[in-house]
Amino acid sequence: MCAAEATASLLQVEETFSACLARIDALILKPLLQAEPCDQKGKENFKLFLLLNDLFQALWNLTEENYRILKQKCSTSESFCIQDIYTVWKGDLFLSLHIRYFVTFANYVVVHGFEHATKSKSEAWKDHKAVLKQFLTDFTSETSMSLALYTVLQKPIRDHIDQYILLLTKLNEVLKEGSEKNVVTSAIKEYVKLQSFISQVLDEACFTKSLWKSLGYKFTDMLCVPERRLLEDSKNLPISASMNRSDRILLFDDVLVLIQGNSFQSFDLKLVWVDENCREKSAPGMYGLRIITPEETFFLFAKDPQMKAVWQWKLNQAVRQALNGKRDFPLWGKTGEGTEPPSCRFFTYVFRLEGKFKSASYEGEWHWGKPHGKGTLKWRDGRNHVGDFKEGLEHGFGICLVPRQSEDRYDCYKCHWYEGKMRGYGICEYGNDMVYKGYFKDNVRQGFGILEKFSAEHPFKYTGQWENDKKNGYGVWEDKDRGERYIGTWLDDHKHGQGIVVTQSGVCYQRTFHADKMVGSGILLLEDDSVYEGNFTEDLTFVGKGKLSFANGFILEGTFTNKSGQGLQMHGTLNTSNEQLDDRITKAQLGLEEFPVEKRWKGIYDQFLEFIHSGCKEETEESFTGFHIQTSKELRKSQEYLFCQRGTEDVSWKIEDILEDLVQHQGLESLQTYLEKALKSSLHPLGKLLKALAIAFQATYSGIGANRHLLTMAQEEVKYYAKKIWEFYQGLLHLALEQKGQLPAKCMDGDTSDQKACNVVLPLILPCFYPELFMLYMLYHEREDDLYCQGIMDLSLFPDIKLLEFLDVQKHLWPLKDLTLTTNQRQSLIKDKCFLSATECLQKLITTVDPREKLVILQKTYEEIESTVSRVVDKDYKLPMDDLLPLLMYVVSRAKIQHLGAEIHLIRDLMEPTNRGGLYDFLLTALESCYEHIRRIRLHQRENCHVTHSS
């Protein structure tokens, strides 16, 4: 058969089929459309029949249209090709329309549509019955009107498909190998599949229809829907459920139903998992399948392995097709054979049974019957949780909104979760304008955390330790209304134990507290350098026995009373024998014994230590070490916002990369470069640790906390930070080496851990704490620096020559050549020209925070002085101490460095231990001597100099 013969045959087939469809339309469909029922069930079926009629008309129209095109082609052309046979090149359209028609036809069969239609009491239908019966005998010998209708509306169409296949098969036999033969072969396969699909669809429909007949009205009303198909019935293929929980098991294409007596349970197949490895002991000779659903797990038992295999295959295929949202084509052919449904899925489910998720709707990823992956939980009371889940519980990062009962506001938790409970670092934005940033454990605040209230009414900030959702341990409380800061210990949300209170006015005191109340005696340090030791009230009124030491050395000791209207009264003695109070009293340092440095901020160190001990796993890094997060109001409202914004950096700080880099950077120079980069990063664990410590330090010593009586506390804290950061670096390095199977290298230079921390880490971290720390140094040395500044001001009045003379600098060392004169200028009046290079060098002392760099600047200043002297005497000249001190004092007076006393003591306190006793120590001692000498210059000496200068 050539293409022309095939075209002629197709034309004849289509003409006959079109005439058949016309008769069916006129004698069956139109009369049925006029017989619209009145009952509810009939109306629902009639809607389905209308859809079936629409698809029938579409099928008829397609046939007519293609018949016309083909006929026109035959009348105008004598040459034909494969493209003229539209059943080939329009195959997809034909298949799609036939599939839709037969699926709708099957839906109508399932709901007993033909039975209801033939029972119509319509007059039009009654009048037409005799004609219809005669017409139906041409198609079928069925005496039942409903069965006859069933046959007429599907058999002609199926026979027509058989004719398509026969025609294409004959054409394919004469075609030569090539693209045309391949196209026709492919078309034949698709039409054969369609035959199989139609047969299976109708079989399923009849199987399902029989089920609805056998079940009671109660089950049918609740379970019967047109699109639902019965795939297997335990009455046909015996299988039983565990615990005698069902009499009958029905597998549909969308649900699994267990019937027990007059009740049933249905399980959506999209959330059904089938496990062939039954973990429950079954009776001898029974073979089980484990069925897993979101809230229940049960077992199905078959009597032989073949029956179990059939049920397992049918269940898996049904689940897979339900997840795909469409049936296979054909339904049970090779398309889906051997493929199992995925264990990971995305679906929405509302929990029904008792439990923490009762009535909650979960939309997200599932794995073996449990929320697993990313998802959203929504409760009816307004609670929402968006984030990560693991094995049915919140696990990983999540955002949880909890409505407040009395207000139209929410508490917003942005936190890490572990097995269903908050654990690790998180941020909570409470609906009452408070924000908590810190650690949680078992849904309560635990460990280090910061609670801050931003509202205008009673604003406060607490930075410190938490235990069981309450302030416990060491912490800092700032009351912004009262303008004071409490530094000390807490118990169950109350100040309890030793505490230091610093006020905005500069007053500072240390007391013992019990449940927020001061008990016993304490020490009160006043702004005018007076010191009171004894008992006093919250408004700082002296009461009871006490000793008041004035700055001028007078001491008032006795009993203090404060009667209403009479002011403060005292009964005791006044000692006026002392000239001045000892600095150890006026500059007393608080908190050193009461708050050992190793017990402060333990909550920060514990988290980082636990992170190292846990093996530094990537997924837990943020939970232990914290993260940077948006806290905008928009974030509270957003339900789709799963993750928090992190700062973008050029360097990747993944844990595996960090551990690898640590091994590669063990040399001193390489290590310093690496640590500098790591400590500056907000993503590296060491950088996060430094950030947390800086926050704690600022909470204690900045603003109100800037009080000279806290200097030593702050200084030892910074040193301890360096030690702990070095320890954590060592911990990370040991872990990295351990993972590589290497042993840590032995320390060859003999430095202890403390020395390494001071030498390597301290200079790198000092910039983070320098503003607050140096402010404390300035306050501590304020009085001495004031005297020093007065001396500098007096000495600045001297011209260079007079100042050199006043400081007893030997004349042969004077750099008179540097005094360049201009017109009408006298040499004796020139200022700020001698030793200018050394002066400018020393002025750089305030441009760096690193004590090492400050010492290097001091050494260069010394070298500049020596270089200038060598130039003056025209030979290399090593300055003896007697010559150095006057010259250095000259340079210091001309450099005019403010707060030089604070600078000197900071260098002395934080310099590397290895520099003690060496050149740096010698030069620092010389600078210190100059500072002391300038500070103690006698006023009458200055006056004499002023007189000499005036003359």
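Residues numbered from 1 in each chain as written. Predicted model: local features only at pLDDT ≥ 70, side-chain atom pairs only at ≥ 80, totals over all residues. Heavy atoms only, no water.

Caption draft 1: Up close: the overall build of the protein chain. Helix and strand counts for the protein chain come out as 28 helices and 27 strands. Taking all 951 residues of the protein chain together, the buried fraction comes to 50%. When contacts within the protein chain are restricted to residue pairs at least 6 apart in sequence, long-range pairs at least 24 apart make up 52% of them. (Helix = DSSP H or I, 4+ residues; strand = E, 2+ residues; numbered from the N terminus. Buried < 20%, exposed > 50% of the residue type's maximum accessible area, 1.4 Å probe, protein only. Contact = heavy atoms within 4.5 Å.)

Caption draft 2: Highlighting the packing of aromatic side chains. Per the stated rule, a full pass over the model turns up 53 aromatic pairs. By the ring-pair criterion, three or more aromatic residues cluster together here, those being Tyr413, Tyr430, Tyr436, Phe440, Phe460, Tyr462, Trp466, Trp477, Tyr486, Trp490 and Phe513. (Phe/Tyr/Trp six-rings, centres within 6.5 Å; stacked < 30°, edge-to-face > 60°.)

Caption draft 3: Examining the environment of Ser867 more closely. Relative to the assigned elements, Ser867 resides in helix H24 (residues 851–873). In this structure Ser867 comes out as partly exposed when scored by relative accessible area, which is 44%. Separated by 32 residues in the primary sequence, Ser867 and Phe835 place their C-alpha atoms 9.7 Å from one another.

Caption draft 4: Geometry of helix H21 (residues 782–795). Compared with an ideal rise of 1.5 Å per residue, which puts 14 residues at 20 Å, H21 spans 20 Å between its outermost C-alpha atoms and is within 8% of the ideal. Residues Glu784, Asp785, Tyr788, Gly791, Ile792, Asp794 and Leu795 constitute the buried set of H21. (Expected span 1.5 Å × (residues − 1).)

Caption draft 5: Layout of the nonpolar core. Ranked by size, the top nonpolar core spans 80 residues in total, and within it Ile500, Trp601, Ile604, Ile725, Ile765, Phe769 and Leu773 carry the most contacts. Sorting elements by how many residues they give to this core places helix H19 (residues 711–739) first, with 16 residues. Not counting the four nearest positions on each side in its chain, Leu773 is found in contact with Phe697, Leu711, Ala714, Gln715, Val718, Leu766 and Leu910. Counting 71 residues, the second largest nonpolar core, distinct from the first, contains Ala6, Leu29, Leu55 and Cys224. (Core = buried A, V, L, I, M, F, W, Y, C linked by side-chain atoms within 4.5 Å.)

Caption draft 6: Structural detail: the pattern of salt bridges. Across all of its chains, the model carries 41 salt bridges by this definition. Arg228 is paired through a salt bridge with Asp254; the nearest N and O atoms lie 2.9 Å apart. Taken as a pair, Arg228 in the loop between helix H10 (217–223) and strand E1 (230–233) and Asp254 in the loop between strand E3 (248–252) and strand E4 (255–260) lie far apart in primary sequence, 26 residues in all. In this structure Asp254 comes out as partly exposed when scored by relative accessible area, which is 25%. With a shortest N-O distance of 2.6 Å, Asp328 and Arg320 are connected by a salt bridge. The residues Asp328 and Arg320 share a single accessibility class, namely buried. Among the charged side chains, a salt-bridge network with shared partners connects Glu204, Asp253 and Arg327. (Salt bridge = Lys/Arg side-chain N within 4 Å of Asp/Glu carboxyl O.)

Caption draft 7: View of the packing of helix H4 (residues 91–110) against helix H8 (residues 155–174). As a packed pair, H4 and H8 sit with axes 12 Å apart at the nearest point and diverge in direction by 155°. Classified by the angle between their axes, H4 and H8 sit roughly antiparallel to one another. As H4 runs across H8, the sense of the crossing is left-handed. Across the interface between the two elements, Phe94, His98, Tyr101 and Phe102 from H4 touch Ile157, Arg158, Ile161 and Tyr164 from H8. (Axes fitted to C-alpha atoms, helices over the stretch in contact; angles between N-to-C directions. Parallel < 35°, antiparallel > 145°, perpendicular 65-115°, else oblique. Left-handed = near helix turned anticlockwise from the far one by under 90°.)

Caption draft 8: Region of interest: a nonpolar patch on the surface. A cluster of nonpolar side chains, contributed by Met881, Leu919 and Phe922, occupies part of the molecular surface with about 240 Å² of accessible area. Here Met881 is to be found in helix H25 (residues 881–895). Looking at Met881, the relative accessible area reads 33%, which means it is partly exposed. (Patch = residues over 30% accessible without salt bridge, like charges linked within 9 Å, V, L, I, M, F, W, Y side chains within 5 Å. Areas by Shrake-Rupley, 256 points an atom, 1.4 Å probe, with all protein chains shown as cover.)

Caption draft 9: Seen up close, the sheet that holds E3. With antiparallel pairing, the 4 strands of this open sheet are ordered in space as E1-E3-E4-E5. Whereas interior strands pair on both sides, the edge strands pair on one side only; in this sheet they are E1 and strand E5 (263–268). Strand-to-strand, the axes of this sheet are offset by a mean angle of 20°, without reference to chain direction. The pairing of E4 with E5 spans 6 bridges and is antiparallel. Bridging across to E5, Leu256 finds its partner in Phe267. Where helix H9 (residues 179–214) meets the sheet, its contacts fall on E1 and E3, and the angle it forms with E1 comes to roughly 60°. Along the sheet face, helix H11 (residues 305–324) touches E1, E3 and E4 and points at about 40° away from the line of E3. (Pairing = 2+ DSSP bridges.)

Caption draft 10: Quick peek at unusual backbone geometry. Look at Asn443: it is not a glycine, yet its phi comes out positive at around 75°. Mapping Asn443 onto the fold places it in the loop between strand E16 (434–441) and strand E17 (444–453). Although it is not a glycine, Cys616 adopts a positive phi angle of roughly 55°. Topologically, Cys616 is positioned in the loop between helix H13 (602–613) and helix H14 (621–625). A relative accessible area of 4% means that Cys616 is categorised as buried.

Caption draft 11: Region of interest: the packing of helix H18 (residues 685–701) against H19. Close contact between H18 and H19 brings their axes to 11 Å; oriented N to C, the two are set at 165°. Taken together, the axis directions place H18 and H19 in an arrangement best described as roughly antiparallel. Seen along the crossing, H18 lies across H19 with a hand that is right-handed. Judged by residue contacts, Leu686, Leu689, Leu690, Leu693, Phe697 and Tyr701 of H18 engage Met713, Ala714, Glu717, Val718, Tyr721, Ile725, Phe728, Tyr729 and Leu732 from H19.

Caption draft 12: Region of interest: the environment of Gly522. Here Gly522 is to be found in strand E23 (residues 517–525). Along the backbone, Gly522 and Asn535 are 13 residues apart, and their C-alpha atoms lie at a distance of 6.2 Å. Ignoring anything within four residues of it in the chain, the contact list for Gly522 reads Gln510, Arg511, Tyr532, Glu533, Gly534 and Phe536.

Caption draft 13: Fine view of the state of the cysteines. Scanning the model with the defined rule gives 0 disulfides in all. The thiol of Cys428 is not disulfide-bonded; the next cysteine sulfur, from Cys412, is found 7.3 Å away. (Disulfide = S-S within 2.5 Å.)

Caption draft 14: Expanded view of the sheet that holds strand E8 (residues 297–302). Spatial ordering of the open sheet is given by E2-E8-E7-E6, a layout of 4 strands whose pairing is antiparallel. Where the open sheet ends on each side, the last strands, each with one partner, are strand E2 (240–241) and strand E6 (273–275). Bridge count for strand E7 (residues 287–292) against E8 is 6 bridges, and the pairing is antiparallel. If you follow Arg290 over to E8, its bridge partner there is Phe299.

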